[in-house]
Structures are given as C-alpha cells and as structure tokens.
Amino acid sequence: MYATYQQWNDTYLHYDKVNPKQTYYLSMEYLQGRALTNAIGNLDFRDAYADALKKLGHELEEVVEQEKDAALGNGGLGRLASCFLDSMATLNLPAWGYGLRYKYGLFKQIITKAGQEEVAEDWLEKFSPWEVVRHDVVFPVRFFGDVEVHPSGSRKWVGGEVIQAIAYDVPIPGYRTKNTNCLRLWDAKASSEDLNLFQFNDGQYESAAQLHSRAQQICAVLYPGDATENGKLLRLKQQFLLCSASLQDIIARFKEREDGKGAHHWSEFPKKVAIQLNDTHPTLAIPELMRLLMDDEGLGWDEAWGITTRAIAYTNHTVLPEALEKWSQAVMWKLLPRHMEIIEEIDRRFVASVQSERPDLENKIPSMRILDHNAQKPVVRMANLCVVSSHTVNGVAKLHSDILKAELFADYVSVWPTKFQNKTNGITPRRWIHFCSPELSNIITKWLKTDQWVTNLELLANLREFADNAELHAEWESAKMANKQRLAQYVLRVTGVSIDPDTLFDIQVKRIHEYKRQLLNVLGVVYRYKRLKEMSPQERNNTTPRTVMIGGKAFATYTNAKRIVKLVTDVGDVINSDPDINNYLKVVFVPNYNVSVAEMLIPGSELSQHISTAGMEASGTSNMKFALNGCLILGTLDGANVEIREEIGEENFFLFGATADEVPRLRKEREDGLFKPDPRFEEAKQFIRSGAFGTYDYNPLLESLEGNSGYGRGDYFLVGHDFPSYMDAQARVDEAYKDRRRWIKMSILSTAGSGKFSSDRTISQYAKEIWNIAECRVP
C-alpha cells in the first residue's frame, strides 16, 4: 500500500504549501468497512493486484476476508461520515475527519437460542495495518478540577486529572485522484509520571496505575451504557476527548501556518477553518473552542464568540427525543466546570438578546434556552446549544429539514431565518455499486459507453432509454442472479440455512429499533405463513415464493428491540423446518450486520423494506444503496424515501402507510380509543400468542402494540394502523414479481433514477453552501 502512503504525504505537503481553507469533520462514529478493496479500487489497480496475488498463490477474495471491519460506528450516522470522507478525497477537497479509536467498538452480535448476545468486537486484536500512530501528536485533556480566577479577571481551568490524547492516522484515498485525506482517531493514555512507583513497589498495583486504567476505559467501547452516573461520565469523557484533542490540533495547525503574520491573525481563523459537528455528540467543541481562545490565547468574549460562531456548523440527524442529547447540569459541573461557566454565559446572552430584540418570543424562552432549570432534573440541551452557536444548521433529507423548520426548531427559524438548510444525504457510488457489484457496474459502463458515471452519478439517467431493451434485460437479470447466488452461499455459511436464488429476495437491514418497525415486517411474515398453511398445494403453487432476510444490531440494553430479534429467529426456525411451506417462504436473521455484510446483501437484494413510521427517519442511506443496485423499495413516505420515489418514479416504488402530517392525529385518535384493528393484524398477533413459534413470552412485545396510550403501550409507531396498507403493498409486490419483464424494467429504472443520491453531490453542496471551501488538487 506504499502508493497510498506516498500520495498521502504529497497531499499533506500540498495543503501546507497552498494553505487553503480546510474542513474538519467531527464525528463520534465512522463505519469504514474494509480498507483493502476500497484502496485498490480507488487507486484503480484491483485487477493488477489480484493477478499479482495469484502469482503468489493467493486469491484476492481470500485475502480480503482476512481484514476485519473497523468497529468505529453503529449505524447510518457513522456510515454517512465514511461516505463523506470518500467523497471529500475524490472531489480533492482539503478536509480531515476526526474520531475516536475504539478498542472494541459497539459489539459483535451472536445469535443463539436466547436471541442476540453481545461479545466484544476483536477488530484490533491482530492490529490494524492501515493506521499510523503519531507519537509526536499528543495533547493533554483535562477532566474535573476547578476554575481559578486571576486578579486581571481572566480564568483558568486547573487541577483534576489530565490524560493524553494520542493521534492515530488512517489514509482516505480519493477515486482516481492523487488526493489522499486523513481520518485522525484519538486514543487516550496516561503518562509515565502518572504511575505511582512507590505504591506499585508496595504491591498496590491497582491504585498505583489508577489513571492508566481510567484512561484506557475512555476509548474501550462505543456508546457505553449510561444508566449509571459512571456511565454518563464515561460517555461525556469520550465526547470531550474528541472535541478537546481535535480543537487543540486544529488550532496548533492554524498557528503553525499563520505564524509570522503578526498578532492579529485570529480574525483569519474562520477564513481557514470550517468545523462540522456530525449530530450533537461533538457539541462540546463549542465551549471548548471558546475556552481555548479566551483562557489560552487571551481573546475577549466577543472576539472568541465571533470566531466560534463563524467556524462551527451543525448537522441534525434526528427528531427522536432520546437522541437529542440532554446532559445533567450536575454531571457537567463536576466533569467540566469551566465549560459550564461558558455555557451559562452563552445561555445568559442568548436569553438577553431574545428579550431585547424579540419581546414577542418571551414565552418561548424556557423551551429555546440552552439550560433547562427544571427543579427535578436540570439539564443542558445540546441541540439548543448547537443551534444558538452555529452559523448553519442542516437536516439530512428534504422532509426532515422541513420538519426541523416547522416543528423542532421553529422558534429559532423566526429569529434566524437564513440559518437553516437541507443537505439530502448521499452514498459513495464507489463502495456501494462499483466495487461491491462489479457485474452490474460493468453492464452500466457498457450501455452508457463510459465509466464516468462512477464520479458523476447523474449520468445513470441515460439508462432510461434502454429500459425496454431485451438484451439489457437479459444481462441485468444475469448480473442480479450472480449476486443472489453469492449471497445464498454467504447465508448458508453464516446461518446454515439453505436459500433458493430463484425466490424473491426481500431484505430489511438496519439498526433494530421500534420506529424502524422490523416488528411490522415480522407480523407480515407471520400472517403470510398462516395463509400458506391454510392453502391447498395448488394454491401455494400460484404464490410468489420469497426469502425474507432481516439483520441489524439491537442496542444491548434495549429490551423490546432484543425481543424483536428473538421473534425473527423463532419465526425463522419454525418456517424453515416446515416441509409444506419452506419452498414458498423462508426467514433468515443475518447475524452481525456491518459494512462488509451489507456489501454482500445489497447487491443480492430484489426488494428492500424501509418502513419506518413517517416523520421518524431523518433520511436513511441504505435505501439509496438498495435503489442504486436495482432493488425495489417497499416503504413509507419518510426520510429520503420521499425523494427516492420522486427520482425513480412512483410507479417503481411500493408505497404504503400514514404520511408524516397524519401521524399526530392518528396517535390522538388512538388515545381516544377510536382505533379499529384490521382482522389480519389481530390474527397475526394471536398466532404468535398461540405458541406456534415456541414458548418464549412475547406478551410484553405484543402489548406495546395494544392499549390506547401509556408508556410502552398504545402502539406509538402505528404498526397496527399501517398493517392493512402494508399487506396490500406486499400483495402488489407478489403480482409485480410474476411479470419478469415489468420487474426488470422497474429495477433498471431504479438504478437510472439514483443519480441524485451520490455523496459527491451532497459534499459539493456542503463545500459551497456551508463550508466555503474549494478544490485543492494535488498536482
């Protein structure tokens, strides 16, 4: 991989020489996937590399399998960050990613008789060949302590415990370009003077190395459980480590380049630095930048605030209340006393400005301000801090951004009408079709007579003129079949279940969450199974045989999500071993879903389900990957589904379910006891309760769909309401699949309509409309 490192060094040197404005992307998660296939693909010598390996007696596929996925993320948020890094490098943009080097990441999912079990991910056990440790890039990060006030009035954070953040760099090569950007991951360690040698020699090993073990805990796992105060402190430490180390690094690099330009260069900072917060996890970058500028660099409040607000922008990824972080003020005062002073002052000034400039909003101040002084549980609202302190706030799909402006942040919009933007998410076409589905990719290149579409995805629209071409149909179908056969072999290897590539492959893979409604999918499967059981053999022969695959991790402490995983596996065990039915229906839970598994599942899919309750999914990005691979979507009008349906044509999308604007009314009607369930819905639940799928007690899960309101009841995500239109849409899928010509045409049109959903498009919009950075191509 010498070529990558050579280009990487050249890129560093070039950026230093030209000194352009650079973007620094702060994210708690990156789901990178395997680096080898991506690197040899982006450097454009995959075939040469495979041939060289062959001469040495190795198959590329076998070598690739040896690489473990970097366990640095959980779901869409982290995968988006990785697609963005790929696009930044491919577009020759001067940009860095900053993250944390988790030793164990989230967890490795094992499926047993009990359902999901979590074990530590071992991705670093053999070491990662891609990272370069930078022993010279080390910054102190302080926790706890006190604030000293000096006679001059200046303040300084002192005492507490100080650990060292050390940088590990990972190269991010662009596609067919010399630019190779950097993902810098921080690890935490204690320094040698923190080992109490006297205690150690006295046999008190644990207490002698206390700070060492506390430092190691910080980057051990992604999203440690935060039910306890210790858990909350650990999560906050992770977030602060990311923010503090990254900002100290950004400032050090800025000063290095600006040195010799006199003392007044701080006004240049926002002209050289754009900082993007990927969701609320890196919010502490705001008070930390203020602290560094005021306490270390000696700037006054107004100057520091002007710099901070011009440098920082915020991406919101969710409207779910549990994901809009709120931190206990007590915990924050304990861990970060200086930052709480700064947050208090930001809050005070914001309230004063609303009172003086917008007296009409006086009664909105309690919900708009950053500090919630609720007597029971005073908290800091991180999303509010981001909105108040950023120059730009963006949502990640048109529907999501509209909801942010109309609901979540409506009052801020009336204060700052130009602050809010939409940046519909995208995916990198390199990893998500060109490398993971070479057969289909070659066919597209052949029919478009160019491979320029890999970096200009809009060119896919030209496939539309061949949508009825019989020759293209035959090639398309054979490419899809090759991908299905590869997937069937994979499923057999990891689950022991044999699936038939001639059946419809129906896939839902994403985090297991009640709002994503894997439960709706399973209830539909249960009803289908019950109907098949009641049919005569002749009637069964007229049905569309299908293989349903579900995959995704349930958060370790999310009980209902884990019950859903258990239900999928129980339903699969019964159906797959039923000799009357298993030619017509199979159900597989695909374990340990990650990027590499997705690269196998997505090309082999024909139908994929994106069925979240409307208004809940900010965007979704797997829907884009499936559509790009010619897979048809069964979905609600939620997130980016809305735009995908517009682009590929509504006749090529299987739509069902309530719309976002109907949801509040439907919930209200439900609370008032006005909901009348569809008999099919009741039948499916009853079938599960009858013990048809084993003795596990599914009552708590099913009860969440029952009653009219109350915690964990009342079907908050409207599974019951959407069930009948979901079943009708599934019937339309069965019919469409029988007409091969029609199905293949829809599949081609799905790919042809996916041009908008390239992360290259998304990133060039960020670069122009938020970051104000330009291409800086390495010569």
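Residues numbered from 1 in each chain as written. Predicted model: local features only at pLDDT ≥ 70, side-chain atom pairs only at ≥ 80, totals over all residues. Heavy atoms only, no water.

Under an unreviewed UniProt entry, the protein has the name Alpha-glucan phosphorylase, H isozyme isoform X2 and belongs to Nicotiana tabacum.

A.B. asks: Could you clarify how one ought to interpret the overall build of the protein in this entry?
C.D. replies: Assigned secondary structure in the protein consists of 33 helices and 22 strands. Here the C-alpha radius of gyration of the protein, 27 Å, is about what a compact globule of 779 residues would show, namely 28 Å. Dimensions of the protein, computed from C-alpha atoms along their principal axes, come out at roughly 90 × 70 × 65 Å. In the protein, which comprises 779 residues, the proportion classed as buried is 60%. (Helix = DSSP H or I, 4+ residues; strand = E, 2+ residues; numbered from the N terminus. Rg over C-alpha atoms; globule rule 2.2 N^0.38 Å. Buried < 20%, exposed > 50% of the residue type's maximum accessible area, 1.4 Å probe, protein only.)

A.B. asks: Hey, could you run me through a nonpolar patch on the surface in this one?
C.D. replies: A grouping of L195, L197, F200 and Y205 is seen on the molecular surface, where their side chains present a nonpolar patch of about 370 Å² in accessible area. Here Y205 is to be found in helix 7 (residues 205–208). (Patch = residues over 30% accessible without salt bridge, like charges linked within 9 Å, V, L, I, M, F, W, Y side chains within 5 Å. Areas by Shrake-Rupley, 256 points an atom, 1.4 Å probe, with all protein chains shown as cover. Salt bridge = Lys/Arg side-chain N within 4 Å of Asp/Glu carboxyl O.)

A.B. asks: Honestly, unusual backbone geometry in this entry has me stumped. Any pointers?
C.D. replies: For residues other than glycine, phi is negative in most cases, and the peptide bonds are mostly trans. The residue Y223 is not glycine, and still its phi comes out positive at about 50°. The buried category is assigned to Y223, whose relative accessible area is 12%. In this structure, K449 is a non-glycine residue whose phi angle is positive, near 60°.

A.B. asks: Could you clarify how one ought to interpret the packing of aromatic side chains in this entry?
C.D. replies: Any two aromatic rings considered together are summarised by their centre-to-centre distance and by the angle between their planes. Scanning the entire structure with this criterion turns up 34 aromatic pairs. On the basis of an interplanar angle of 25° and a centroid distance of 5.1 Å, the ring pair of Y766 and W771 is categorised as stacked. Comparing Y766 with W771, the two get one shared label, buried. Connected via pairs of aromatic rings, a cluster forms that spans Y5, W8, Y12, Y24, W96, Y98, F139 and W186. Over the face of the ring belonging to Y168 we find R101, whose NZ or CZ atom lies 3.9 Å from the ring centre. The residue whose ring lies beneath K553 is F107, and the NZ or CZ to ring-centre distance is 5.3 Å. (Phe/Tyr/Trp six-rings, centres within 6.5 Å; stacked < 30°, edge-to-face > 60°. Lys NZ or Arg CZ within 6 Å of the ring centre and 35° of its normal.)

A.B. asks: So what exactly am I meant to see when it comes to the pattern of salt bridges here?
C.D. replies: Should the charged atoms of two oppositely charged side chains come close, the side chains can pair. Per the counting criterion, the structure on display carries 66 salt bridges. Its salt-bridge partner being K685, residue E706 comes within 2.9 Å of it at the nearest N-O pair. Pair noted here: E706 is in the loop between helix 30 (699–703) and helix 31 (719–738) and K685 is in helix 29 (residues 679–689), with a separation of 21 residues, a long-range link. For E706, a relative accessible area of 18% corresponds to the buried category. Connected through shared salt-bridge partners, R134, D169, R184 and D249 make up one network.

A.B. asks: Looking at this structure, how should I read the nonpolar core?
C.D. replies: Side chains of a nonpolar character, in soluble globular proteins, are inclined to be buried together. One finds W186, L241, F269 and W771 to be the most contacted residues of the largest nonpolar core, which totals 128 residues. If near-sequence neighbours (up to four positions away) are discounted, L241 is found in contact with L100, V141, I163, A165, W186, A188, I218, C219 and S246. A397, V590, I633 and F653 belong to the second-largest nonpolar core, a separate cluster that totals 55 residues. (Core = buried A, V, L, I, M, F, W, Y, C linked by side-chain atoms within 4.5 Å. Contact = heavy atoms within 4.5 Å.)

A.B. asks: Please explain the packing of helix 14 (residues 337–357) against helix 16 (residues 382–389) as it appears in this structure.
C.D. replies: The description of two packed helices rests on the angle between their axes and on the distance between the axes. Between helix 14 and helix 16, the shortest axis-to-axis distance is 11 Å and the interhelical angle comes to 65°. Between helix 14 and helix 16 the crossing geometry is left-handed. Taking contact as the criterion, the partners of I343, I346 and F350 in helix 14 are, on helix 16, L385, V388 and S389. The residue inventory of the contact of helix 14 with helix 16, partitioned by class, reads five nonpolar, one polar and no charged. (Axes fitted to C-alpha atoms, helices over the stretch in contact; angles between N-to-C directions. Left-handed = near helix turned anticlockwise from the far one by under 90°. Nonpolar A, V, L, I, M, F, W, Y, C, P; charged D, E, K, R; others polar.)

A.B. asks: Would you mind showing me how to read helix 12 (residues 301–311) here?
C.D. replies: The α-helix winds at 3.6 residues per turn, so residues separated by three or four positions along the chain end up facing the same way. Of all the residues in helix 12, the buried ones are W301, A304, G306, I307, T308, T309 and A311. Residues of helix 12 that are buried make contact with helix 10 (269–272), strand 10 (273–278), helix 11 (285–296), strand 11 (312–315), helix 14 and helix 16.

A.B. asks: Looking at this structure, how should I read the packing of helix 12 against helix 14?
C.D. replies: Close contact between helix 12 and helix 14 brings their axes to 13 Å; oriented N to C, the two are set at 85°. Between helix 12 and helix 14, the angle is such that the two are roughly perpendicular. Contact with helix 12, carried on its side by W301, D302 and W305, involves I342, E345, I346 and R349 of helix 14 and no other residues of that element. Split into classes, the residues belonging to the contact of helix 12 with helix 14 amount to four nonpolar, no polar and three charged. (Parallel < 35°, antiparallel > 145°, perpendicular 65-115°, else oblique.)

A.B. asks: Hey, could you run me through the sheet that holds strand 15 (residues 393–395) in this one?
C.D. replies: Whenever strands of a sheet pair, they do so through backbone hydrogen bonds, lying parallel or antiparallel. Within the open sheet, the nine strands sit side by side as 5-8-9-2-1-10-11-15-16. Their pairing is mixed. Edge strands, defined here as strands with exactly one partner in the open sheet, are strand 5 (132–143) and strand 16 (420–422). Direction aside, the axes of adjacent strands within the sheet are offset by 25° on average. Direction of pairing for strand 2 (residues 95–100) relative to strand 9 (residues 180–189): parallel, over a ladder of five bridges. The residue of strand 9 that forms the bridge with W96 is C182. The strands that helix 16 touches are strand 10, strand 11, strand 15 and strand 16; relative to strand 11, the one it contacts most, it runs at about 135°. (Pairing = 2+ DSSP bridges.)

A.B. asks: Mind showing me how you'd approach the sheet that holds strand 22 (residues 653–655) here?
C.D. replies: Spatial ordering of the open sheet is given by 19-18-17-20-21-22, a layout of six strands whose pairing is parallel. Every other strand in the sheet has two partners, leaving strand 19 (585–590) and strand 22 as the edge strands with one partner each. Ignoring which end each strand starts from, the neighbouring axes of this sheet average 20° apart. Here strand 17 (residues 504–509) runs beside strand 20 (residues 607–610); their pairing, made up of two bridges, is parallel. Bridge pairing links D506 to L607 in strand 20. In the packing of helix 22 (residues 518–534) onto the sheet, the strands contacted are strand 17, strand 18 (546–551), strand 19 and strand 20, and the crossing angle to strand 18 comes to about 155°. Packing against the sheet, helix 27 (residues 641–648) makes contact with strand 20, strand 21 (632–635) and strand 22, and its axis sits at approximately 135° to strand 22.

A.B. asks: Before we go on, may I ask you to explain the environment of N92 in this structure?
C.D. replies: Considering the arrangement of structural elements, one finds N92 in the loop between helix 5 (76–90) and strand 2. Sequence-wise, N92 and Y175 are 83 residues apart; in three dimensions their C-alpha atoms are separated by 9.6 Å. Excluding anything up to four places from it in sequence, N92 contacts T177, N179, E775, C776 and R777.

A.B. asks: Before we go on, may I ask you to explain the state of the cysteines in this structure?
C.D. replies: One covalent bond between the sulfur atoms of two cysteine residues makes up a disulfide. For the coordinates displayed, the defined rule picks out zero disulfides. Here C182 stays unpaired: no disulfide links it, and the sulfur of C776, its closest cysteine neighbor, is 15 Å away. Cysteine C386 remains unbridged, with the sulfur of C243 as its closest cysteine sulfur at 9.4 Å. (Disulfide = S-S within 2.5 Å.)

A.B. asks: Just checking my understanding: could you explain helix 11 for this structure?
C.D. replies: Under the 1.5 Å per step criterion, the end-to-end length of helix 11 is 15 Å for twelve residues, consistent within 8% with the ideal 16 Å. Counting buried residues in helix 11 gives eleven out of twelve residues, a clear majority hidden from the surface. Just downstream of helix 11, G298 is the residue with a positive phi angle, here 75°. (Expected span 1.5 Å × (residues − 1).)

A.B. asks: Just to check I follow, could you spell out the pairing of strand 18 for this structure?
C.D. replies: Working note: regular strand, side chains alternate between the two faces of the sheet. By the criterion of burial, strand 18 is predominantly enclosed, with six of the six residues buried. Alternating positions in strand 18 separate into two faces, R546, V548 and I550 on one and T547, M549 and G551 on the other, with burial throughout. Of the strand pairs in this sheet, strand 17 and strand 18 are connected by six bridges, and their pairing is parallel. Across the sheet, the residue bridging to L504 is R546, located in strand 18. Note that strand 18 and strand 19 share six bridges and pair parallel. Bridge pairing links V548 to V587 in strand 19. In this view, the connection linking strand 18 to its parallel neighbour strand 19 by way of helix 24 (residues 559–576) has right-handed handedness. (Right-handed = clockwise from strand over helix to strand, strands pointing away.)

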